[in-house]
Amino acid sequence: MSQRNLFRTTSKIVELSRGGMVAAARKLFDEMLERDTIAWNAMITGYARLGLSQQALSLFSNMRIAGVRPDDFTFTAALSACANAGNVDYGIKLHALVITSGRQHSLPVSNSLIDLYGKCIRPSSAAKIFDSMREPNEVSWCSMLHAYAKSGQFDDAHRLFNGMPNRNFIAWNVLIAGYSRHGKFEVAVDLFKLMQTSNCRGDSWTFSSLMDVCAKSVEPSHGTALHACIHKSGWDLATETQNSILSFYIEIGCHKDAVKVFESINYRTQVSWNTMIDAYMRTGDVSEALTLFLEAPEQNVISWTTMIVGYARNCHGENALAFFTYMLRSNHRPDEFALGAVLLACANLAFIGNGRMIHGCIMQYGFASYVYVGNGLINMYSKCGDIDGMNGAFREIRSKDLVSWNEMIFGFAFQGQVEKALDMHKNMLLSGVKPDKVTFIGLLMACSHSGLLETGISLLESMDRVHGLNWEEDHVACMVDMLGRAGCTKAATKLVEDYSEKIGRRPSVASKALLGACSMQGDLRFGKKASEGLLIVDPSDEMGYMLLSNLYSASAQWNEAEIVRMAMTGKRLKRKPGCSWIQVRNSVMVFVSGDLLHPCILAVCKILQLIKYEMRNQSYLAFDVVV
């Protein structure tokens, strides 16, 4: 290939990559008979700019295998890919290669290293690079400032900020954004005021950062006041600022205002569409979210993930699974959040077959060691009753967090394996992970289901004495259930009364647990007392009426049971019907108690009658049953 053709092809690769047509650029790159360093750099940079970090790093490895020596531009692009992916391990290897290549004093490479360590929250590593630089430029100073601000080391950030030779608006924005990210609204606003007096005007980045922190503030008036300030400054026409305002109104629950902001955006970016899709999903309006999804000019991974997460959270598990399948067919590589959401759908539906197929995708894409995905796998296998799958998913997680341990404890508790739940708790403490209140709910549930009253009491006492955790209503409810199963309804009643006096109100969940315990033991005396407290707290809860009615019926007090049911009817309260489902091939069959309109009701009744007959006549065996 002549030098002129090589230049033309490389220029075309750059043009296609910048236009987002990276697949076409890669096809052209693969067809090249000869490639120089510039051609490799063009393709690696194209991937890195589009956020395709894995492809960029893979191509970097191929470049080295091909014997082409990387230059400053190559290292800059590869380090940028590592920074965007948060892959600090690969970045450290690149850093070593930079040193062996003698390019550690290159200004662009040093800046990329600072950016890498800053984004991966390694400020001390970033500081070593910065201190070794001969003549850092504005990018160096701002990158180092970002490293301190992102990690929350604001004393070091201010020291660096005050020592900057030129505090430009980027430096101000980095510091304001840092405080905003850590929820320090007042400090961020004070910095903004100082910025105004130092002849540095706020821009869309400044206002976006401040708007983001307002969304997390407990006082919505801060955000509305800032919105007015943005409008006066004229920055409300900037798309980035409009997106932040849109997110603010969604976060504080002002859906109508969010819709108005969305409709006022002239140039809607992908962020605008995705944010509004998420808004509709939060309100449970899945049909409107789907309409927006289809209306959007294009869909990216975040769009698909937002739909999958929304469907899963709104109990549309089948739609979540279907969307995940469509996402794969559309050649969109799922991220860890999409995989976590579809695992949640499988868990809620108890679809072990689909869950295992998703696990296969996770292995294929290399997400098995990710803690968020691993926790989703544990939850899915737990709810599907697969202990081996649960243990396997737990082992695959590279850095287990508190949620990982809690999921395992709950999984064993649900399966009645109390000893394994308690062993998991011991291993958790040995690994240096401190339990939280959720941990003890799982442990108390395990003890309750297995009748380990003394162990449960010991665990409850250790919450406050050993770990400094206060009891909450769910802990008391678990303990009441445990005492009730042991026949200690008097002790359970006293526990609820003592806790009620402590918090100054009647706890609903604990009262319901107490009534259930009395109903289980047939203790009418304490049961009536528990029901009175429960009906005062929540007179519209049908469960209290049902438990009291059952208690009267168990004590053969039919008139009193009928009176309770009449009171329930008078309040127009109905018992929620039981529901079950089964997956048949690729469809889900749902059965609701009392539903005689199901299309397969005759076949189901016929099979049930046959099973009933077989149970009563063990010597009878039916063959060739035609449904």
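Residues numbered from 1 in each chain as written. Predicted model: local features only at pLDDT ≥ 70, side-chain atom pairs only at ≥ 80, totals over all residues. Heavy atoms only, no water.

A. Broad picture of the UniProt feature "repeat: PPR" (unreviewed entry) in the protein. In the numbering used here, UniProt assigns the "repeat: PPR" (unreviewed entry) feature to residues 36-70, 137-171, 269-303 and 401-435. The span residues 36-70 is 74% helix and 0% strand, and its two end C-alpha atoms sit 10 Å from each other. Here residues 401-435 runs as 74% helix and 0% strand, with 11 Å between its end C-alpha atoms. (UniProt positions renumbered as here; feature names shortened; annotations may be inferred. Helix = DSSP H or I, 4+ residues; strand = E, 2+ residues; numbered from the N terminus.)

B. Representation of the nonpolar core within the structure. Residues Met144, Leu145, Met276, Ile308 and Ile362 are the most contacted members of the largest nonpolar core, which totals 167 residues. Counting residues per element, this core draws most heavily on helix H21 (residues 336-349), at nine residues. (Core = buried A, V, L, I, M, F, W, Y, C linked by side-chain atoms within 4.5 Å. Buried < 20%, exposed > 50% of the residue type's maximum accessible area, 1.4 Å probe, protein only.)

C. Quick look at the packing of aromatic side chains. In the structure shown here, the tally under the stated rule is 15 aromatic pairs. Aromatic pair Phe60 and Phe75: ring centres 6.2 Å apart, planes at 55°, arrangement tilted. Here Phe60, found in helix H4 (residues 53-65), pairs with Phe75, found in helix H5 (residues 72-85); they are 15 residues apart in sequence, far enough to count as distant. Accessibility expressed as a relative area gives 2% for Phe60, which makes it buried. Look at Trp304 and Phe323: their rings are 5.5 Å apart centre to centre, the planes differ by 55°, and that puts the pair in the tilted class. Within this pair, whereas Trp304 is found in helix H19 (residues 301-313), its partner Phe323 is found in helix H20 (residues 317-329), the two being separated by 19 residues in sequence. Looking at Trp304, the relative accessible area reads 8%, which means it is buried. Among the aromatic side chains, those forming a connected cluster through ring pairs are Phe293, Trp304, Tyr311, Phe323 and Tyr326. Sitting over the ring of Phe262, Arg268 keeps its end group 4.2 Å from the ring centre. We note Lys400 situated over the ring of Phe394; from NZ or CZ to the ring centre the distance is 5.1 Å. (Phe/Tyr/Trp six-rings, centres within 6.5 Å; stacked < 30°, edge-to-face > 60°. Lys NZ or Arg CZ within 6 Å of the ring centre and 35° of its normal.)

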